[in-house]
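# Chain and residue survey
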Amino acid sequence: MKEFNNFSLDRLSKLIARFARLRIAVAGDYFLDKYLDVDPALAETSIETGKTAHQVAAVRHSPGAAGTIVCNLAALGAGELHAVGFTGDDGESYDLRKDLADLGCATDRLHLEPDRMTPAYLKPRDSTDAGLSGEHNRYDVKNRAPTGFAAQRRIVEAIDALLPDIDALIALDQVEEEGCGVITPMVVEALADRAARFPKVVFWADSRRRIRLFRGVIIKPNQFEAVGIASPDPNQTVELNQLCEAVARLRIRTGGPICATRGAEGMLVSDPEPTLVPGVRLDGPTDPTGAGDSATAGAVLALAAGANLPEAALIGNLVASITVEQLATTGTARPDQLPPRLEMWQLQRHNSPTV
């Protein structure tokens, strides 16, 4: 296994310069991230129940899950964005579509399905505490009945309509309940077929529960998914040798390149030779919310711009290192933030005893 250490500012700048020409489709589960800013000083006691009635002083929302990837692609300057999926016919759908349109993302293939809910993460938090300690318990809205055949066919048809004119397709399987989201077995099978038929298009997939089902596309498992640990302990890690062996087996099984994320330690990629791509070491508090999605955005843009897999993984690491420093929100990174972050990474590698 080799370690990736040689990447220049000039190479990064050339790749970034191509971002504005790229056309990216993101197919998957679009959630609405809805933040309820609660002012503790305004809390009331309910006359009917005697319980505390928390008072919402402000409401913020932004696209979540697959929408988080779109947010990051837009912030990084992608030239053309397309959302593929579905929403319900409800207020969350209105907010989500408006937010995506504000990002310049086309929503004509984000189908409206009246019998579905628009998935949402409701996130109450104290407006007086910007840190993670200010977060209340979250409320999730998800569809828990299987996605109908007709809706699945519309997803596949939307992908087929876009493929001749895009540079990359990202599939995000966020809904953990089997067959209840956008990336159903029918869609997974279609992606494997289309990846073989469109070799010039970058196909990238991420899934919370079913990453091993994809074939012939680049997949991004985290270190625990790669070795088959479903519910890791908070401080658990995977030994690098164990991860390397698991990635090699997974590479054979899926028939596509692997980008295994290791949190702050970076990524281990295989295409097919394993390469360790170190992350950026950070001081101070971090918030990992959306880090994987931001890494996906950076890596896929880099691949579509002509980067090889280790280069793309490094750019994904740089992007994620910027977004995790943005607390109590789902962060994004701008292209102008990447060169200084690369210089930080280069300095750390120069001073590392392993180099």
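Fair warning: this is a prediction, and the values are worked out from it, not measured in the lab.

### Focus on the side chain of Gln 152
Residue placement: Gln 152 occurs in helix 4 (residues 149–162). With relative accessibility at 12%, the residue Gln 152 sits in the buried group. Once residues lying within four places of it in the same chain are set aside, the contact partners of Gln 152 are Thr 147, Thr 184, Met 186 and Val 187.

### Overview of the pairing of strand 12 (residues 168–173)
The buried fraction of strand 12 is high, at 6 of 6 residues. Across the two faces of strand 12 the burial is the same, with Ala 168, Ile 170 and Leu 172 and Leu 169, Ala 171 and Asp 173 all buried. Of the pairings in the sheet, the one linking strand 2 (residues 23–28) to strand 12 comprises 5 bridges and is parallel in character. Within strand 12, the residue paired with Ala 25 across the bridge is Leu 169. Strand direction decides the pairing type here: strand 12 and strand 13 (residues 202–207), joined by 6 bridges, are parallel. Bridge assignment links Ala 168 to a residue of strand 13, and that residue is Val 202.

### As for the sheet that holds strand 10 (residues 120–126)
Read across the sheet, 4 strands follow the order 6-3-10-11 without closing on themselves; strand pairing throughout is mixed. In this open sheet, the two edge strands, each paired with only one partner strand, are strand 6 (56–65) and strand 11 (139–141). Each strand axis lies, on average, 20° off the axis of its neighbour in the sheet, ignoring direction. In the sheet, strand 3 (residues 30–38) pairs with strand 10 via 7 bridges, with the strands oriented parallel. Within strand 10, the position partnered with Asp 37 by the bridge is Arg 125. Across the sheet, helix 2 (residues 66–75) is in contact with strand 3 and strand 6; its angle to strand 6 comes to roughly 85°. Contacting strand 3, strand 6 and strand 10, helix 3 (residues 91–102) runs over the sheet at an angle of about 100° to strand 3.

### What about the packing of helix 2 against helix 8 (residues 291–304)?
Think of two packed helices as two axes; the pair is described by the angle between the axes and how far apart they sit. Closest axis-to-axis distance for the helix 2/helix 8 pair is 8 Å, and the angle between their directions is 50°. Relative to helix 8, the element helix 2 lies oblique. For helix 2 against helix 8, the interelement crossing comes out right-handed. Where helix 2 abuts helix 8, its residues Thr 68, Ile 69, Asn 72 and Leu 73 lie against Asp 293, Ser 294, Thr 296, Ala 297 and Leu 301. Residues that form the contact of helix 2 with helix 8 fall into these classes: 4 nonpolar, 4 polar and 1 charged.

### Details of the environment of Asn 241
Mapped onto the elements of the fold, Asn 241 is located in helix 7 (residues 240–254). Taking relative accessible area as the criterion, Asn 241 reaches 60% and is therefore assigned exposed. Taking the C-alpha atoms as reference points, Asn 241 and Glu 48, separated by 193 residues in sequence, lie 59 Å from one another.

### Description of the nonpolar core
The tendency in soluble globular proteins is for nonpolar side chains to be buried as a group. In this structure, Ile 24, Tyr 30 and Leu 73 are the most contacted members of the largest nonpolar core, which totals 63 residues. The greatest single-element share of this core, amounting to 9 residues, is contributed by helix 9 (residues 309–323). Filtering out sequence-adjacent residues up to four positions away, Tyr 30 remains in contact with Gly 64, Ala 66, Gly 67, Val 70, His 82, Ala 83, Val 84, Leu 96, Leu 100, Leu 110 and Pro 119. Residues Val 84, Phe 86, Leu 163 and Leu 243 belong to the second largest nonpolar core, which totals 38 residues.

### So, the pattern of salt bridges
Overall, the coordinates contain 23 salt bridges when judged by the stated rule. Where Asp 10 meets Lys 14, a salt bridge forms, and the shortest distance between an N and an O atom there is 3.4 Å. Here Asp 10 and its partner Lys 14 are both found in helix 1 (residues 9–17), 4 residues apart, which amounts to about one turn of the helix. A relative accessible area of 45% places Lys 14 in the partly exposed class. Look at the salt bridges and you will find they share partners, linking Asp 160, Asp 193, Arg 194 and Arg 197 into a network.

Reading guide: rules and limits
Residues numbered from 1 in each chain as written. Predicted model: local features only at pLDDT ≥ 70, side-chain atom pairs only at ≥ 80, totals over all residues. Heavy atoms only, no water. Helix = DSSP H or I, 4+ residues; strand = E, 2+ residues; numbered from the N terminus. Buried < 20%, exposed > 50% of the residue type's maximum accessible area, 1.4 Å probe, protein only. Contact = heavy atoms within 4.5 Å. Pairing = 2+ DSSP bridges. Axes fitted to C-alpha atoms, helices over the stretch in contact; angles between N-to-C directions. Parallel < 35°, antiparallel > 145°, perpendicular 65-115°, else oblique. Left-handed = near helix turned anticlockwise from the far one by under 90°. Nonpolar A, V, L, I, M, F, W, Y, C, P; charged D, E, K, R; others polar. Core = buried A, V, L, I, M, F, W, Y, C linked by side-chain atoms within 4.5 Å. Salt bridge = Lys/Arg side-chain N within 4 Å of Asp/Glu carboxyl O.

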